[in-house]
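# Results of the structural survey
One letter stands for each residue in the lines below.
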Amino acid sequence: MSIGTQAYSLFEGVVIALESIRSNKVRAGLTILGIAVGVFVVVVISAAVHGINASVARDLEKAGPLTFFLNRYPITFEACDGSDDTCLWRHNPPITMAEWKAVETLPSVYAAGSRVFLGLPAKYKDRSLSSAQIIGFSANWTQIDGGSDLYPGRSWTPAEGANAERVIIINDEMAKQLFVDSDPIDKVLTLNNQPFQVIGVFHYAASFLSGGNRPRAYVPIETALRHLRAPLGQISIAVVPRKEAGRDKAVDEVIELLRSRRRLHPGTNNDFAIITQDQLFDTYNKIFGAFFLVMIALSAVGLIVGGVGVVAIMMISVTERTREIGVRKALGATRATIMWQFLVEAVTLTGIGAIVGLIVGAGISLILRKATPIEASIPPLAIVAALGASAFTGILFGLLPAARASRLDPVAALRHE
């Protein structure tokens, strides 16, 4: 078959498929819906995962590839029934401020900051927030968690931190909700009914890991412990190694220091956790990898439902066009030609479903990007995969009716009523 003949046959098959859809709107609509749902799920999930991946990568890059964290508890997915056999880590002692001071003195450490996270109500005059994320941090937080986006205003001094002064740096979202268009610098808001003077405004890019664009503030960790009753057991330490030393050496020195201070005997497990960026990313991949597989399974169900619809509508089409098939065979059409025509019809049917799914998926992805911290964007590979999956579904489920049509006896087909 020449290229011109193949092109004409392809065009003819598409035209016949569109005519079949027009004459069987309900059956075709249900088939297209099944394919569209499957493709829609693939597109939306791919867009969301792509956006989340970009957000996580940006957050980890901002924190610094060498930065690691000293926590009381590890990141674990192990079942814990309360017994020592399944969750030894629950007996880990808290990280202390004295341990933070000791980590700071290590030769391989550029900066170490102690921190604790709280959720507290905030108020300024008649405007209030039911809950804002409050981070108690040591005075060197700008060396660890950024600081180039601190304007207007300033950070607190080590003396203000040591004296547990009630000073606060708020993010622009918190400034907008509490102070609207007025300048928040030097104004006094209340946290948990305690007065705090605003000394700076911090700007940060909202992301998936940070929980989106929500009210957030920094206060001296000493202030959080003394005035806001931050739990001592939740203190953690963020460690930035010196570049010339490297992360592994800094990790080894921190482990050696903590084991020595806690008098842990050789062979005894650590009663603290070192969490690196690699571990955070591995944990993220485990969570979202499983989530992505579930969504792909659901989309496969949609494609299977659409495929069953393809079989049904194409079998009906073969029955209704038996005489037409007989005429074409009588005029010299081969089995391959007949099979090709019906496969083109099946792929056209699933292709329309794929296009509908892509359009709806793109619309939902845009809504996700605008309304949530997920920077959803459709990767080109997802579009190719969606179109490829729909074409494969059309071919796979169109083979049976196409083969049936190609095997019809032309004499019997011409006699069909």
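Refer to the structure above for everything that follows.
Below, the structure is looked at part by part. Model, not experiment: these values are computed from the prediction.

Now for the packing of helix α10 (residues 322-330) against helix α11 (residues 335-371). A pair of packed helices is characterised by two quantities: the angle between their axes and the separation of those axes. With their axes 10 Å apart at the nearest point, α10 and α11 run at an angle of 140° to one another. By the angle class used here, α10 and α11 are oblique. Crossing geometry of α10 relative to α11 is assigned as right-handed. Seen from α10, the contacting residues are Glu-324, Ile-325, Arg-328 and Lys-329; seen from α11, they are Arg-335, Thr-337, Ile-338, Gln-341 and Phe-342. Looking at the contact of α10 with α11, its residues break down into three nonpolar, two polar and four charged.

So, on to the nonpolar core. Ile-134, Ile-168, Ile-170, Met-174, Leu-189 and Leu-191 are the most contacted members of the largest nonpolar core, which has 27 residues in total. Mapped by element, the contributors of at least two residues to this core are β2 (109-124), β3 (127-137), β5 (167-171), α6 (172-179), β6 (188-191), β7 (194-202), β8 (216-220) and α7 (221-227). For this core, the element with the most residues is β2, which contributes five residues. Not counting residues within four places of it along the chain, the set of residues in contact with Leu-189 comprises Lys-123, Tyr-124, Ile-168, Ile-170, Met-174, Leu-178, Phe-179, Gln-194, Pro-195, Phe-196 and Val-198. If you look at the next biggest cluster of nonpolar residues, it comprises 19 residues, including Ile-95, Ala-112, Val-254 and Leu-258.

To continue, consider unusual backbone geometry. Here Tyr-151 and Pro-152 are connected by a cis peptide whose omega angle stands at -10°. Phi is positive for Val-180, which is not a glycine, with a value near 55°. One can find Val-180 in the loop between α6 and β6. Residue class for Val-180 comes out partly exposed when judged on its relative accessible area of 45%. Positive phi is not limited to glycine here, since Arg-229 has a value of about 55°. Relative to the assigned elements, Arg-229 resides in the loop between α7 and β9 (236-241).

Moving on to the packing of aromatic side chains. In the structure shown here, the tally under the stated rule is six aromatic pairs. Measuring from ring centre to ring centre gives 4.4 Å for Tyr-124 and Phe-179, while their planes differ by 45°; the resulting arrangement is tilted. With Tyr-124 in strand β2 and Phe-179 in helix α6, this residue pair connects regions lying 55 residues apart in the sequence. For the pair Tyr-124 and Phe-179, one class covers both residues: buried. The interplanar angle of 90° and the centroid separation of 5.5 Å between the aromatic rings of Phe-202 and Tyr-218 together place this pair among those described as edge-to-face. Linking Phe-202 in strand β7 with Tyr-218 in strand β8, this pair joins segments that are 16 residues apart in sequence.

Our focus in this paragraph is the side chain of Ser-390. Here Ser-390 is to be found in helix α12 (residues 380-406). Polar contacts involving the side chain of Ser-390 include one to the main-chain carbonyl oxygen of Leu-387, which spans 2.7 Å. Sequence-distant contacts of Ser-390, defined by excluding residues within four places in its chain, comprise Ile-35, Thr-350, Gly-351 and Ala-354.

Calculation rules
- Residues numbered from 1 in each chain as written.
- Predicted model: local features only at pLDDT ≥ 70, side-chain atom pairs only at ≥ 80, totals over all residues.
- Heavy atoms only, no water.
- Axes fitted to C-alpha atoms, helices over the stretch in contact; angles between N-to-C directions.
- Helix = DSSP H or I, 4+ residues; strand = E, 2+ residues; numbered from the N terminus.
- Parallel < 35°, antiparallel > 145°, perpendicular 65-115°, else oblique.
- Left-handed = near helix turned anticlockwise from the far one by under 90°.
- Contact = heavy atoms within 4.5 Å.
- Nonpolar A, V, L, I, M, F, W, Y, C, P; charged D, E, K, R; others polar.
- Core = buried A, V, L, I, M, F, W, Y, C linked by side-chain atoms within 4.5 Å.
- Buried < 20%, exposed > 50% of the residue type's maximum accessible area, 1.4 Å probe, protein only.
- Phe/Tyr/Trp six-rings, centres within 6.5 Å; stacked < 30°, edge-to-face > 60°.
- Polar contact = N/O pair within 3.5 Å; in protein donor to acceptor, adjacent residues only side chain to side chain.

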